[in-house]
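Take a look at the letters that make up each chain.
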Amino acid sequence: MLQIRDLIWGLLFIGCAAAIQVEITPTQGEISVGDSKFFLCEVVGDAKDIDWYAPSGEKILPNRQDIFVSRSDETTSTLTIYHANVDSAGIYKCVAKNGDKEAQATVQVKIFQKITFESAPSPQEFNEGDDADIVCDVVSSPPPTIIWKHKGSRIQVAKDVRYKIMDNGHLQIRGIKKTDEGMYNCEARVMARGEIDFRMIKVVVNVLPTIRARQSDVNATADVGSSALLACDADGFPEPTVTWAHNNIVLETGDKYSLNEDGSELVIKDVKKVDEGDYTCIAKNKAGEKAEEVSLNVFVQPKITYLNNQTVSEFEEQVTLTCEASGDPTPTISWSFENRVFSEGEQASWTRPDKYESLDRNIVVRSHARVSSLTLKNVQFTYAGQYLCTASNSIGQDDQNMYLEVRYAPKLQGNVAWYTWEGNPTNISCKVEAHPRATVVWYRDGLPVPSANFTNLKIYTTPTISYLEVTPSSQDDFGSYNCSATNAMGTEYKEFLLIEADVPTTPELYQVEPFSSTAVIQFGEPEATGGVPIIKYRVQWRLPGQDWTEKEYSAEDDLNQITIFGLNPETTYEVRISAINGKGESESSPAKPFKTEPVREPSAPKIEVKVHNKGNSLKVNWIKQDDGGSPIKHYLVRYKAKYVSDWKPEMRLPNDSEYVVLNGLDWNTEYEVHVVAENQQGRSEPGIRSIRTASEPTTIPDAMSGGSGLGTGAIVGILIVVFFLLLVGVDVTCYFLNKCGLLMCIAVNFCGKAGPGAKSKDMEEGKAAFTKDESKEPIVEVRTEEEHTPNQGGGPTEPNETTPLTEPEPAAADTTSPVVNLLPSTATNSVAESFSTAQSSPASECTTLTTSASSPTKAAPAKTSPKNSPAAQPSSLKANTQPDVGPLVDLSDTPKVPPSSNPTPSEPVSPPSANADAQQSQCDQVKAPDSTQSKDLQVDGPAKDAPSALCTDSTTPAQNDGKAVKDDKTKGEAEVKNATAEVKTVPNEAPQTNGNESKA
């Protein structure tokens, strides 16, 4: 084997020495554009040179940048292609040489292009409605296949004509919409290599702005410091920016203009007339811009710019007043004088002035644009005064006054005839109207009356009237008087006549309308008043042949009837009338007889109703008419709302009453009121009136409410003070009477004093202890004050929860010690004690508990039943000793027991005879010992079978109200001087066995 191997190697060595072999690894090469790759050329045999040749046949030199050749050893050479491009493709050859020997090998290098997205920007924006060309430039070798996807689905060009894939791979969308916006997938595929790549492209569709002005025309008023708001709303995508322009100048926030945050609102400050015009609202975004015009109309309030006072003389041909005014719209100008208005009518224009002419053609108004003139022809003195020029338009108005001064000669006015009589002064009035002011002179018989006042002639002057006071003393003072007034414009005279007055003529008596006790006289005024007014009328009436009875009545306007009163029924009278003026009395009219009617019901009262006070009250007044010959007994008033049928209760009022006030009525409601007079004969017809109450006010004024003018705070303060004083008064009362309240707490807690009247308080506490358990019967012990009896064991009394902490004080003269834990009734020394019987007891027996001793005695309580409560509530009473009178014990503070149905308060009921002995035993048991004895007095509960009632000397039946009967203080003070006894109340714990046992 070794020989064969050596043989083979030897043959190979010989062959190699004879030839050179070249091999390139790898044998093929594919390089992506931009990538790098190397090739290894291996030579078998000795090779002096190893060279690489480019596809062009040129030898590749070592210093090239894109293709690098290196020889690592004698048998290998490396070709490296860096960043290959399309030009790097071709057949590369590796040649090995050794002398005249040469060997070579080739390798084909292929260059291919990977999928490369040269241009696929994102996002890509388009305007709505445009034909969108979505760019996606992809290169590869071989060229790729382009697929477009949207919302995860492949775009089917054949199904939607709006989509088209261009030759360059772009996606075209015809008339792109906002709904086409979103992410698009541009996917490139090379099937030969199975290569795939994609790019996500965001497509944004911009929407051209839309703009809408909130108001296309905005009105504003100039020169009033107001602002104007111009606003427009813009939509679009992206959100457009809004700017404003005026006269091609962009407006910005400043002193004159202000814009809100998004620019949609423009505020023009302090609007002037020059601000009027069109303002452009511009909305702009990436899709473009839109503009909208907003017109600002600036109106100007009227303002009168020219109006002057003028002076003219009377009887001049004419005078023209001129008024000019500015404003937009052009103002309408009118004139007014006193209550008269002069207007030009329709709005004037530059081409057609308006004209107003009065009926008498003396006043003419002409208007031309902003100027108006008022022409007054044939000037009269009455034209003088203030004229008001009013300029008005739809924005407002302006008023100004001017004064027309008319100079004219004096004008005299006044009554020509004046009446008086001798000795009666009268004033002749001469009213003077003149401008300038005139001087007045009076003349008598052609001679001026001296300014110095005579006895019967006096002159009084005011700016417009001159008075001549004449007091005639004889017939010579009657006659003619002249008034003369003079100023710069002329002189005027006027004659006045002073005539002697006469008495009036006789008034005419028309008829007499008689009633039972009155009569109505109708008459006519005298034909002549005598030159002076009628002052009064005198009416006289009488029984035929007797003296006249008369009464005077003041002469009022339109007085044509008089009512006389106090006539007798069914009686014949005669009446006459006369008139009286300042001069005297006229003759009486002829007497007219009449006969009164018989006694009958009265005439209907004459009533008047008016709204009273707050508005929902009515005051009804009535005037008594004929009483029918019988005195009015009373008046009957009733009323109701008109819309209801039921009357309110009738009110009866005394015969001397004259009115009634109806309160608490409904607001704004019409009421009907009837008033009837009644006498012995019956009722009159009702006097009827209807009236509506006032509407309900939202707030009642102070004047209506009749308030004192105090504010709400003052009233509240007064109420608080009154309430506080009331509380203090109640507290002091409770302190002295019931031992409670704030003062009692202060006295007990801070001063350590029980306060006055503590005795009653202690008695109430005793009552509380006594009534703690109503099922237990009381045991009453009576013992003298000086005795201190030990308990049942004979030792000292052990204190318990009801034992007083202080020892009883010794008796003192004329003093009463406070009572502790005593029944309220035991505060007095003599009380009639009532015990309630059980339900089965027919009545209660009366027993008087008294003690009789000449000096204080000592009494020890007997042993109590084991069933009795060991806890007692002792109490002491300190009083003066009085012989033969003992203290009374009040045992009426017992639980409530149903009263017996048989006994009456006025009759004491005796107990049944079967229980007489037991009751007598009870009466004997409570008698007080004499002065030489010292025994315990104890009243035990009744036996089981006996009626449980103690006797008192009172005939009153048992009290069931459970309250103590308190005696009068004076009686208690009189009996408190008795020998003092201590009363101890102990509840009996023995259970009741039948219904006859009483409950204390």
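In short, a report on the structure. (Residues numbered from 1 in each chain as written. Predicted model: local features only at pLDDT ≥ 70, side-chain atom pairs only at ≥ 80, totals over all residues. Heavy atoms only, no water.)

1. Some remarks on a nonpolar patch on the surface
And then number 1: Side chains of Val721, Phe724, Leu725, Val728, Val732, Phe736, Leu737, Leu742, Leu743 and Ile746 sit close together on the surface and give an oily, nonpolar patch of about 910 Å² of accessible area.
And then number 2: Listed by contribution, the elements that provide at least two residues to the nonpolar patch are helix 3 (712–737) and helix 4 (742–749).
And then number 3: The greatest single-element share of the nonpolar patch, amounting to seven residues, is contributed by helix 3.
And then number 4: Its location among the elements puts Leu742 in helix 4. (Patch = residues over 30% accessible without salt bridge, like charges linked within 9 Å, V, L, I, M, F, W, Y side chains within 5 Å. Areas by Shrake-Rupley, 256 points an atom, 1.4 Å probe, with all protein chains shown as cover. Salt bridge = Lys/Arg side-chain N within 4 Å of Asp/Glu carboxyl O. Helix = DSSP H or I, 4+ residues; strand = E, 2+ residues; numbered from the N terminus.)

2. A look at the pairing of strand 45 (residues 519–524)
And then number 1: Judged by how many residues are buried, strand 45 sits mostly within the fold: five of six residues are covered.
And then number 2: Taken together, the six bridges between strand 44 (residues 508–514) and strand 45 define a ladder with antiparallel strand orientation. Bridge pairing in strand 45 places Glu508 opposite Gly524.
And then number 3: Connecting strand 44 to the antiparallel partner strand 45 that follows it, the hairpin turn spans four residues.
And then number 4: The pairing of strand 45 with strand 48 (residues 561–564) spans four bridges and is antiparallel. Its bridge partner lying in strand 48, Gln522 is registered against Gln561. (Buried < 20%, exposed > 50% of the residue type's maximum accessible area, 1.4 Å probe, protein only. Pairing = 2+ DSSP bridges.)

3. Digging into the environment of Asn127
And then number 1: Within the fold, Asn127 resides in strand 10 (residues 124–127).
And then number 2: Owing to a relative accessible area of 24%, Asn127 belongs among the partly exposed residues under this scheme.
And then number 3: Separated by 77 residues in sequence, Asn127 and Val204 have C-alpha atoms that sit 8.4 Å apart.
And then number 4: Excluding anything up to four places from it in sequence, Asn127 contacts Ile176, Val205, Asn206, Lys286 and Ala287. (Contact = heavy atoms within 4.5 Å.)

4. What to know about unusual backbone geometry
And then number 1: With an omega of 5°, the peptide bond running from Ser122 to Pro123 counts as cis.
And then number 2: Among the structural elements, Pro123 can be located in the loop between strand 9 (116–119) and strand 10.
And then number 3: Cis geometry is found at the peptide bond from Phe237 to Pro238, where omega equals -5°.
And then number 4: Within the secondary structure, Pro238 is located in the loop between strand 20 (228–237) and strand 21 (241–246).
And then number 5: One non-glycine residue, Glu570, adopts positive backbone phi at about 50°.

5. Description of the state of the cysteines
Each disulfide consists of a covalent bond between the sulfur atoms of two cysteine residues.
And then number 1: In total, this model carries five disulfides according to the counting rule given.
And then number 2: A sulfur-sulfur distance of 1.8 Å marks the disulfide that ties Cys41 to Cys94. The S-S bond linking Cys41 to Cys94 shows a torsion near -90°; that makes this disulfide left-handed. Taken together, the positions of Cys41 in strand 3 (residues 37–44) and Cys94 in strand 7 (residues 90–98) put the pair 53 residues apart, joining distant regions of the chain. (Disulfide = S-S within 2.5 Å.)

6. Let's talk about a negative patch on the surface
And then number 1: A cluster of acidic residues, Glu23, Glu42, Asp46, Asp73 and Glu74, forms a negative patch on the protein surface.
And then number 2: Following the sequence through the fold, Glu42 ends up in strand 3. (Lys, Arg positive; Asp, Glu negative; His and termini not counted. Charge placed at Lys NZ, Arg CZ, Asp CG, Glu CD.)

7. Things to note about the sheet that holds strand 15 (residues 163–165)
And then number 1: In spatial order, the strands read 11-16-15; together these three strands make up an open sheet with antiparallel pairing. Each having just a single partner strand, strand 11 (132–134) and strand 15 make up the two edges of the open sheet. Between one strand and the next, the sheet's axes are offset by a mean angle of 20°, whatever the strand orientation.
And then number 2: Where strand 11 and strand 16 (residues 171–173) come together, three bridges link them in antiparallel fashion. Note that in strand 16 the partner of Ile134 across the bridge is Leu171. (Axes fitted to C-alpha atoms, helices over the stretch in contact; angles between N-to-C directions.)

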